[in-house]
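A structural walkthrough
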Amino acid sequence: MIKTAKKIDAAAYSQLCNQHTMKHKAVFIDRDGVINSDEGHYYIYRVNDFVINPGIREGLKMLSDAGFMLVVVTNQGGVAKGIYTLDDVNAVHTHLQNELSQCGIQLSAIKVCPHHESVAPCSCRKPSPQMILEAINELEIDPNQSYLIGDSKRDIEAGEAAGLKRCFKIDANASIMDACQQIVNDRP
Ligand SMILES: [Mg+2]
Ligand SMILES: [Zn+2]
């Protein structure tokens, strides 16, 4: 017996589709002191000073293999202060992406705030959640299935303000492996 399909209008159909859109899960990661060592340098803007911390490749691979998008979120106030340029920042990030891609790790986005309140206020510098919220929007990320790993209070505040499921604060330059294990093992 053939049933007649119920007629639904375009608006209702679109809403139905949106409800079933699979959003991505992601891990937001701070840069200096988490991905790379910040020991001995307050600002890191030379490729030669950029040392990837132990456990980063393994940890990020674990997250990536578990289906998480990886988004780096970093304050780079030295740009506003004129200590280095956005080109320097981009060169360091190209280097980082090359290093990670050799291990099969891809970053979905790197969000940079180049401002500093001593020069001019902005709305993106952490602890503002703005960079995280932008990535959530642009990459169709579900904050309720997403996490953050940072080494400072302002990282955690930004992640919490963005509504992420859980934010992990590690010691500066400590391994992220424990946080990664917890994220991968976490259940809805
Ligand atoms: Mg940091
Ligand atoms: Zn900013």
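Quick caveat: nothing in here was measured; it's all calculated off a predicted structure. (Residues numbered from 1 in each chain as written. Chains lettered and ligands numbered in written order. Predicted model: local features only at pLDDT ≥ 70, side-chain atom pairs only at ≥ 80, totals over all residues.)

1. Considering the UniProt feature "site: Contributes to substrate recognition" (unreviewed entry) in the chain
To keep things clear, this is the line we draw: UniProt positions are given in the numbering used here, feature names are shortened, and annotations may be inferred rather than shown by experiment. Counting from the N terminus, the helices are DSSP H or I runs at least four residues long and the strands are E runs at least two residues long. We call two residues in contact whenever the C-beta atoms placed from their backbones are within 7 Å.
Those places that UniProt annotates as "site: Contributes to substrate recognition" (unreviewed entry) correspond, in this numbering, to Arg 125. With respect to the element layout, Arg 125 can be found in the loop between strand 3 (109-113) and helix 4 (130-138). When neighbours within four sequence positions are excluded, Arg 125 is seen to be in contact with Asn 75, Cys 113 and His 115.

2. Topic: the environment of Val 73
Formally: Three exposure classes are used, based on other C-beta atoms lying within 10 Å of a residue's own C-beta, which is placed from the backbone: buried for 20 or more, exposed for 12 or fewer, and partly exposed in between.
The topology assignment puts Val 73 in strand 2 (residues 68-75). Given 27 C-beta atoms within 10 Å, Val 73 falls into the buried group. Taking the C-alpha atoms as reference points, Val 73 and Gly 150, 77 residues apart in sequence, are found 9.4 Å from one another. Those residues within four positions of Val 73 in sequence are excluded, and the remaining contacts are Phe 28, Asp 30, Lys 111, Lys 126, Met 131 and Ile 132.

3. Things to note about the sheet that holds strand 3
Where we set the bar: When DSSP finds two or more bridges between a pair of strands, those strands are recorded as paired. Here, axes are lines fitted to C-alpha atoms. For helices the fit covers the stretch in contact, and angles between N-to-C directions go from 0 to 180 degrees.
Here five strands make up an open sheet; going across it, the order is 3-2-1-4-5 and the pairing parallel. Both edges of this open sheet fall to strand 3 and strand 5 (166-169), since each of them pairs with a single strand only. For this sheet, the mean inter-axis angle between neighbouring strands, taken without regard to orientation, is 20°. Bridging between strand 1 (residues 25-29) and strand 2 involves five bridges; their strand directions are parallel. Along strand 2, the bridge assignment pairs Ile 29 with Val 72.

4. Description of the pairing of strand 3
Worth spelling out the cut-off: Handedness of a crossover is defined as follows: with both strands directed away from the viewer, a clockwise route from the first strand across the helix to the second makes it right-handed.
Looking at chain direction, strand 2 and strand 3 are connected through five bridges and run parallel. Bridge assignment links Val 72 to a residue of strand 3, and that residue is Ile 110. Of the crossover connections in this fold, the one passing from strand 2 over helix 3 (residues 86-101) to the parallel strand 3 is right-handed.

5. Brief notes about the packing of helix 2 (residues 56-65) against helix 6 (residues 177-185)
As a reminder, the rule being used: Should an angle lie under 35 degrees it is considered roughly parallel, over 145 roughly antiparallel, and from 65 to 115 roughly perpendicular; all remaining angles are considered oblique. When residues are sorted by character, Ala, Val, Leu, Ile, Met, Phe, Trp, Tyr, Cys and Pro go into the nonpolar class, Asp, Glu, Lys and Arg into the charged class, and all the rest, Gly among them, into the polar class.
Two elements in contact, helix 2 and helix 6, have axes whose closest approach is 9 Å; the angle formed by their N-to-C orientations is 10°. With respect to helix 6, the axis of helix 2 lies roughly parallel. Mapping the contact onto sequence places Glu 58, Gly 59, Met 62 and Leu 63 in helix 2 and Met 177, Cys 180, Ile 183 and Val 184 in helix 6. When grouped by side-chain class, the residues that make up the contact of helix 2 with helix 6 number six nonpolar, one polar and one charged.

6. Overview of helix 5 (residues 153-161)
Basically, it comes down to this: Our arc is simply the arc of the directions from the helix axis toward the C-beta atoms.
Taken together, the buried positions of helix 5 are Asp 155, Ile 156, Ala 158 and Gly 159. Projected down its long axis, helix 5 shows its buried positions confined to an angular sector of 160°, all on one face. Contact partners of the buried residues in helix 5: strand 1, helix 4, strand 4 (147-150) and strand 5. Looking one or two residues beyond helix 5, the residue adopting positive phi is Gly 163, at roughly 80°.

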